[in-house]
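# What the coordinates show
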Amino acid sequence: RELKATPALRGMQIRYLWAELETAEGRYDFASIDQRLEELAAQGKRLVIQVQTKSFDPNWKLVPDYMKTVEYDGGMFAYSAHNKAEGAARHPGPRGYNIALWNSRVRDRLIALFRAMGERYNTHPAFEGIGMIETALGEPLVPFSSDKVDGFYANLLLVHRQMRAQFPNTMTIQEVNYPRPILATFVGTLKAMGTALSGPDIFKD
């Protein structure tokens, strides 16, 4: 209704959890995307997809079940919840999960997802863009090494290089917020490869 009532809106962004798009290893379900594209194209509008690789609710099914094994480092890791009223005081249990992107198998399966999506949507006139959620890692409930952190961000850049290759005619996007110390170099690398930037957090400072 908002799209029809507001001509200035050129389209909409819809988020999909990785597990919604890959139901089993190498088995993809893009029916919902196809339906939304048809609906939007009929209105002369466009679609942006965000592949959700971080959850903000521990009950969300983030990654496909086949990845929850040792060879994929479980596919994901839990990060902590904080009580805003008490500053950084932790609550027991996770706030959500993020993917184990330092693991090369996880990286390669994510690249395979974008390859399948690129083959299907890169030339679709109503498919405006595809992106990934914020760069913030979250504070792991079980701390891990700096090597894993470095591997996470190195592999994120490798995923984006492949995404650009699979979507040469389509905007690719990365939400960028944290960690602050790496942002200048990280953003510069994304800019050089032609990736668009999105800011999930806006602060007065």
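Residues numbered from 1 in each chain as written. Predicted model: local features only at pLDDT ≥ 70, side-chain atom pairs only at ≥ 80, totals over all residues. Heavy atoms only, no water.

Quick look at the overall build of the protein now. A count of helical and extended segments in the protein gives six helices and nine strands. Computed over C-alpha atoms, the radius of gyration of the protein comes to 17 Å, within 12% of the 17 Å expected from 2.2 N^0.38 for 205 residues, which places it in the range of a compact globule. Principal-axis analysis of the C-alpha atoms gives the protein an extent of 50 × 40 × 35 Å. Taken over 205 residues, the protein has a buried fraction of 45%. For the protein, restricting intrachain contacts to residue pairs at least 6 apart in sequence, the fraction spanning at least 24 positions comes to 70%. (Helix = DSSP H or I, 4+ residues; strand = E, 2+ residues; numbered from the N terminus. Rg over C-alpha atoms; globule rule 2.2 N^0.38 Å. Buried < 20%, exposed > 50% of the residue type's maximum accessible area, 1.4 Å probe, protein only. Contact = heavy atoms within 4.5 Å.)

Moving on, we come to the pattern of salt bridges. Under the counting rule described, the total for this entry stands at nine salt bridges. Between Glu39 and Arg36 there is a salt bridge; the shortest N-O distance is 3.0 Å. Note that Glu39 and Arg36 are positioned in helix H3 (residues 31-42) at a spacing of three residues, about one turn of the helix. Arg107 is the partner of Asp108 in a salt bridge, and the nearest nitrogen-oxygen pair spans 3.0 Å. Given the relative accessible area of 40%, Asp108 is considered partly exposed. What makes Arg107 buried here is its relative accessible area of 19%. Here the salt bridges share partners, and the residues they tie into one network are Lys61, Asp65 and Lys68. (Salt bridge = Lys/Arg side-chain N within 4 Å of Asp/Glu carboxyl O.)

Under the definition given, this model contains ten aromatic pairs. On the basis of an interplanar angle of 15 degrees and a centroid distance of 5.7 Å, the ring pair of Tyr28 and Phe30 is categorised as stacked. Residue Tyr28 is classed as partly exposed on the basis of its relative accessible area of 26%. The class for Phe30 is buried, based on a relative accessible area of 7%. Between Phe77 and Phe144 the ring centres are 5.1 Å apart and the planes differ by 85 degrees, which places this aromatic pair in the edge-to-face class. Highlighted residues: Phe77 in strand S5 (residues 76-82) and Phe144 in the loop between strand S7 (127-132) and helix H5 (146-166), separated in sequence by 67 residues. Ring pairing ties together the aromatic residues Tyr28, Phe30, Tyr121, Phe127 and Phe167, which thus form one cluster. (Phe/Tyr/Trp six-rings, centres within 6.5 Å; stacked < 30°, edge-to-face > 60°.)

The N-to-C vectors of H3 and helix H4 (residues 104-121) enclose an angle of 30 degrees; their axes lie 12 Å apart at closest approach. H3 and H4 meet at a crossing whose hand is right-handed. Mapping the contact onto sequence places Ile33, Asp34 and Leu37 in H3 and Met117, Arg120 and Tyr121 in H4. Here the contact of H3 with H4 is composed, by residue class, of four nonpolar, no polar and two charged. (Axes fitted to C-alpha atoms, helices over the stretch in contact; angles between N-to-C directions. Left-handed = near helix turned anticlockwise from the far one by under 90°. Nonpolar A, V, L, I, M, F, W, Y, C, P; charged D, E, K, R; others polar.)

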